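So you can see what is in the structure, the chains are spelled out below.
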Amino acid sequence: KNQDAAKYLYIQSKTDILFWVNTFVFTYNPRKTPSAMPFVTYDYEDKLILDVLDSVRNQKDILIDKSRDMGVTWCILLVFTWLWQFHGEGQDFMVGSRKEQYIDVMGNMDTLIEKIRFILRNEPKWMLPHKFDWKTHSNYMKIINPQTKSTITGEATNNNFSRGGRRKAIFFDEFAFWECDRSAWQASADSSNCRIVVSTPCGLNNQFAKLRFSNSINVKTLHWKLHPEK
């Protein structure tokens with residue numbers, strides 16, 4: 001209720017993504033009680049968030065080879081949401097997955113866009129973009145910032161993936177399991193200079209594995225032993 005405090009906290013959140021995450025962001029885990037809980041980052045998550053942010057800002061591709069259940073998807077969506085929310089026009093992002101039902105199903109927290117909605121819903125209302133309205137600016141496969149017109153959109157894998165526009169960054173979720181992965185990767189080349197490729201491994205006969213061992217992309221490996229609870 002204190003406007004001076006709110007202004008200070010807003011500036012701190014805009015300045016420091018890790019402050020914003022650890023102060024205002026909630027995550028969701030149905031295996032725990034309560035299932036909605038403050039997102040308090042582990043050390044490896046801090047490094048991952050900053051590495052992804054660096055890739056977006058410097059417009060370079062990055063590949064993340066990970067074990068399951070490491071919170072990587074949440075961390076990438078946090079970076080997209082933070083830039084979309086606090087950093088002006090041109091913060092346009094795309095999230096992609098192998099099937100449409102993994103991208104956006106209203107109320108399904110397993111989907112990418114719904115995770116972003118969850119982050120926004122659990123923030124203080126004064127932190128949301130000015131005049132943000134859920135009915136108007138949160139649509140199927142798209143979230144719009146009414147102040148800046150920046151968008152976060154979703155698209156399922158296809159031969160012309162992301163070809164229809166330009167994005168600050170594109171997220172390829174579980175890329176080792178995509179059909180038409182090679183053509184989707186080629187189609188995205190002119191859509192963004194920053195492509196964030198994430199997957200658990202699935203053999204060597206896929207585009208993810210070829211990129212992983214090509215020496216042509218910045219590679220980060222997140223083994224389960226980095227996770228304190230594992």
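Conventions adopted
Residues numbered from 1 in each chain as written. Predicted model: local features only at pLDDT ≥ 70, side-chain atom pairs only at ≥ 80, totals over all residues. Heavy atoms only, no water. Helix = DSSP H or I, 4+ residues; strand = E, 2+ residues; numbered from the N terminus. Rg over C-alpha atoms; globule rule 2.2 N^0.38 Å. Buried < 20%, exposed > 50% of the residue type's maximum accessible area, 1.4 Å probe, protein only. Contact = heavy atoms within 4.5 Å. Areas by Shrake-Rupley, 256 points an atom, 1.4 Å probe, with all protein chains shown as cover. Phe/Tyr/Trp six-rings, centres within 6.5 Å; stacked < 30°, edge-to-face > 60°. pLDDT = per-residue confidence, 0-100. Core = buried A, V, L, I, M, F, W, Y, C linked by side-chain atoms within 4.5 Å. Pairing = 2+ DSSP bridges. Axes fitted to C-alpha atoms, helices over the stretch in contact; angles between N-to-C directions. Parallel < 35°, antiparallel > 145°, perpendicular 65-115°, else oblique. Left-handed = near helix turned anticlockwise from the far one by under 90°. Nonpolar A, V, L, I, M, F, W, Y, C, P; charged D, E, K, R; others polar.

A separate point is the overall build of the chain. Assigned secondary structure in the chain consists of eight helices and 10 strands. In terms of overall dimensions, the chain is globule-like: its C-alpha atoms have a radius of gyration of 17 Å, near the 17 Å expected for 230 residues. Each of the three principal axes of the chain carries a C-alpha extent, and together these read 55 × 40 × 35 Å. The burial tally for the chain puts 52% of its 230 residues in the buried class. In the chain, the proportion of contacts linking residues at least 24 apart, taken out of those at least 6 apart, comes to 67%. Only carbon and sulfur atoms are counted for the fraction: they give 49% of the accessible area of the chain, which is about 11,600 Å².

All right, on to the packing of aromatic side chains then. According to the stated counting rule, one finds 16 aromatic pairs in the structure shown. Note on Trp74 and Phe118: the rings are 6.2 Å apart at their centroids and 75° apart in plane angle, and the pair reads as edge-to-face. Of the two residues, Trp74 sits in helix α4 (residues 72-86) while Phe118 sits in helix α5 (residues 112-121), which places them 44 residues apart along the sequence. The class of Trp74 is buried, set by a relative accessible area of 10%. Ring centres of Phe172 and Trp178 lie 5.3 Å apart, and the angle between their planes is 35°; this geometry places the pair in the tilted category. By relative accessible area, Trp178 is classed as buried at 5%.

Time to look at the confidence of the model for the chain. The predicted model of the chain averages 94 in pLDDT, with 100% of residues at 70 or higher. Averaged pLDDT values over the elements of the chain bottom out at 93 in helix α7 (residues 181-187) and peak at 98 in helix α2 (residues 17-24).

For the rest of this paragraph, the subject is the nonpolar core. In this structure, Trp20, Val56, Phe80 and Ile196 are the most contacted members of the largest nonpolar core, which totals 51 residues. The element contributing the most residues to this core is α4, with 12 residues. Those residues in contact with Val56 that lie beyond four places of it in its chain are Val79, Phe80, Leu83, Phe93, Lys168, Ala169, Cys194 and Ile196. Formed by 14 residues, the second largest nonpolar core is a distinct cluster that contains Leu63, Phe161, Ile170 and Ala184.

Turning our attention to the sheet that holds strand β4 (residues 93-97). Ordered by their spatial adjacency, eight strands build an open sheet running β5-β6-β7-β4-β8-β9-β3-β10, and the pairing between neighbours is mixed. Bordering the open sheet on either side are β5 (138-139) and β10 (218-222), each of which pairs with just one other strand. Pairing of β4 with strand β8 (residues 169-172) involves four bridges; the strand directions are parallel. Residue pairing in the sheet places Met94 in a bridge with Ile170 of β8.

Quick look at the packing of helix α3 (residues 43-57) against α4 now. As a packed pair, α3 and α4 sit with axes 9 Å apart at the nearest point and diverge in direction by 50°. In terms of their interaxial angle, α3 and α4 are classed as oblique. Helix-helix and strand crossings are classified by hand; for α3 and α4 the assignment is right-handed. Residues Glu45, Leu48, Ile49, Val52, Leu53, Val56 and Arg57 of α3 pack against Val72, Cys75, Ile76, Leu78, Val79, Phe80, Trp82 and Leu83 of α4. A class-by-class count of the residues in the contact of α3 with α4 yields 13 nonpolar, no polar and two charged.

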